[in-house]
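Remarks on the overall topology
Single-letter residue listing:
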Amino acid sequence: MNYINSPIEKIKFRNTDIYLKRDDLLDKHFSGNKARKFYYYLINDLKNIDKIISFGSAQANSLYSLSVLGKIRNTNIDFYVNHISSYLKENACGNYKAALENGVNIIEDENFDFEKYKVKKNEILIEEGARVKEAEFGIKILAHEISSWAEENKIKNLKIFLPSGTGTTALFLQKHLEFEVLTAACVGGSEYLKKQFSHLESNEKFHPKIIEMPKKYHFGKLYKEFYEVYEELLETTKIEFDLLYDPLGFLSMQKYLNENENSDEILYIHQGGILGNESMKPRYERKFNK
Ligand SMILES: *Cc1c(COP(=O)(O)O)cnc(C)c1O
């Protein structure tokens, strides 16, 4: 794969001009957030490694991205999941289906514990959601793409917005950018996210700013306002965003802009994850009768 700088476009969201970093367009198969985080494993010598082990949910974006990585690097992937619903087994779709087609060995094991897993010489173990130091390698490149773009376009004051899961991407971006990085906790709330930041970087100077939301959102649950933002964005920008993270990304950005004087330019990072919508969309349609 030829690694290319992802484009930056201009969109309008509720009358605000926003620059959009299209990491969803990085590559047809290896794109978005997980491509940045797994980039280290894509280009570095995996000395005598013939198997990558990871774990997470059966619909995780990381499952699909790992499957592509495994294909490109000709490496076996063992992906542990605690549970696969019988519905998904019978109606394979999205990340799960694509990963199976790419030859990932998906292992259902409710007792899998990565801390107890004994990594063999020919194996690499990657923590759930790629919450690993190696992720810094690819995210640093993303940070450099943004700073060079800002410099070329003489943008001096810029705020970066992106939604967080483990917070790995937001943290390493802040570490390598002059500009302020703002994020929202899509998984586990702000306290959890702060802990994740500290786990990766003890110096709080490098911690992104967390936008607090008035309501607690649970990861993977369906919220009417999420689907509405998704549809609004699709209609007004013709760009598809992910249904797990981006709705909260945009809602939190909107909240921040409503509550703060801001004269800085704004850059939102589209971190991909569209394949996951294949399973989220029918759930939304069933729930809200669309
Ligand atoms: C994994 C993922 C995130 C969260 O990234 P973190 O580095 O874990 O915060 C956000 N958006 C998409 C589309 C993802 O796949």
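Residues numbered from 1 in each chain as written. Predicted model: local features only at pLDDT ≥ 70, side-chain atom pairs only at ≥ 80, totals over all residues. Heavy atoms only, no water.

1. Focus: the nonpolar core
The following threshold applies: By nonpolar core is meant a set of buried Ala, Val, Leu, Ile, Met, Phe, Trp, Tyr and Cys residues that side-chain atoms within 4.5 Å join together. For every residue, the accessible area (1.4 Å probe, protein chains only) is compared with the maximum for its type, and the residue is labelled buried under 20%, exposed over 50%, or partly exposed between those bounds. Domain boundaries shown here were taken from an automatic or database domain assignment. Between two residues, a contact is recorded if the distance between any of their heavy atoms is within 4.5 Å.
Residues I126, I146, I160 and L173 are the most contacted members of the largest nonpolar core, which totals 57 residues. Residues from two domains meet in this core; each of domain 1 (8-29 + 134-288) and domain 2 (35-130) gives at least three. Aside from chain neighbours lying at most four places away, what touches L173 is I139, L142, A143, I146, L162, V181 and I269. Within the second largest apolar cluster, 31 residues are counted, among which are I18, F161, F250 and L251.

2. Re helix α5 (residues 135-152)
Stated formally: Put simply, DSSP marks the helices as runs of H or I at least four residues long and the strands as runs of E at least two long, and each gets a number from the N terminus on. By definition here, a helix of n residues has an expected span of 1.5 Å times n minus one.
Under the 1.5 Å per step criterion, the end-to-end length of α5 is 26 Å for 18 residues, consistent within 8% with the ideal 26 Å. Inspection of α5 places A135, E136, G138, I139, L142, A143, E145, I146, W149 and A150 among the buried residues, and these make up the whole buried set.

3. Section: the pattern of salt bridges
Threshold: Here, a salt bridge means any Lys or Arg side-chain nitrogen found within 4 Å of an Asp or Glu carboxyl oxygen.
One pass over the structure, following the stated rule, counts 20 salt bridges. The partner of E201 in a salt bridge is K175, and the shortest N-O contact between them spans 3.4 Å. Here the residue E201 occupies a position in the loop between α7 (189-200) and β9 (209-210), and K175 occupies one in helix α6 (residues 168-176), the gap between them amounting to 26 residues. Its relative accessible area of 12% is what places E201 among the buried residues. Judged by its relative accessible area of 28%, K175 falls in the partly exposed class. Two residues, K255 and E259, come together in a salt bridge whose shortest N-O distance is 3.4 Å. With a gap of four residues between them, K255 and E259 both fall in helix α9 (residues 246-259), about one helical turn apart. Overall, the relative accessible area of 54% leaves E259 in the exposed class. Each of K21, D23, R36 and E145 takes part in a single network of salt bridges with overlapping partners.

4. Describing the packing of helix α2 (residues 61-73) against helix α4 (residues 94-101)
The criterion, for reference: For helices, the axis comes from a line fit to the C-alpha atoms of the stretch in contact; other axes are also lines fit to C-alpha atoms, and the angle between any two N-to-C directions lies between 0 and 180 degrees. Angle categories are assigned with fixed cut-offs, so that under 35 degrees is roughly parallel, over 145 is roughly antiparallel, 65 to 115 is roughly perpendicular, and the rest are oblique. Take the far helix as your reference; a near helix turned counterclockwise from it by less than a right angle gives a left-handed crossing, and one turned clockwise gives a right-handed crossing. Classification convention: Asp, Glu, Lys, Arg as charged; Ala, Val, Leu, Ile, Met, Phe, Trp, Tyr, Cys, Pro as nonpolar; all other residues, Gly among them, as polar.
Here α2 crosses α4 at 20 degrees, and the two axes come no closer than 8 Å. Compared by their axis directions, α2 and α4 come out roughly parallel. Between α2 and α4 the crossing geometry is left-handed. Taking contact as the criterion, the partners of N61, L63, Y64 and S67 in α2 are, on α4, N95, Y96, A98 and A99. Tallied by class, the residues present in the contact of α2 with α4 amount to five nonpolar, three polar and no charged.

5. A look at the packing of aromatic side chains
Under the convention used in this document: A pair of aromatic rings is counted whenever rings of Phe, Tyr or Trp (Trp by its six-membered ring) have centres within 6.5 Å, and the orientation is called stacked for planes under 30 degrees apart, edge-to-face for over 60 and tilted otherwise.
Applying the stated rule across the entire model yields 22 aromatic pairs. Ring centres of Y80 and F112 lie 4.0 Å apart, and the angle between their planes is 10 degrees; on these two criteria the pair is classed as stacked. Highlighted residues: Y80 in strand β4 (residues 76-81) and F112 in the loop between β5 (105-108) and β6 (123-126), separated in sequence by 32 residues. For the pair formed by Y80 and F112, the shared burial category is buried. Grouped by ring-pair contacts, the aromatic residues F38, Y39, Y40, Y41 and F137 constitute a single cluster.

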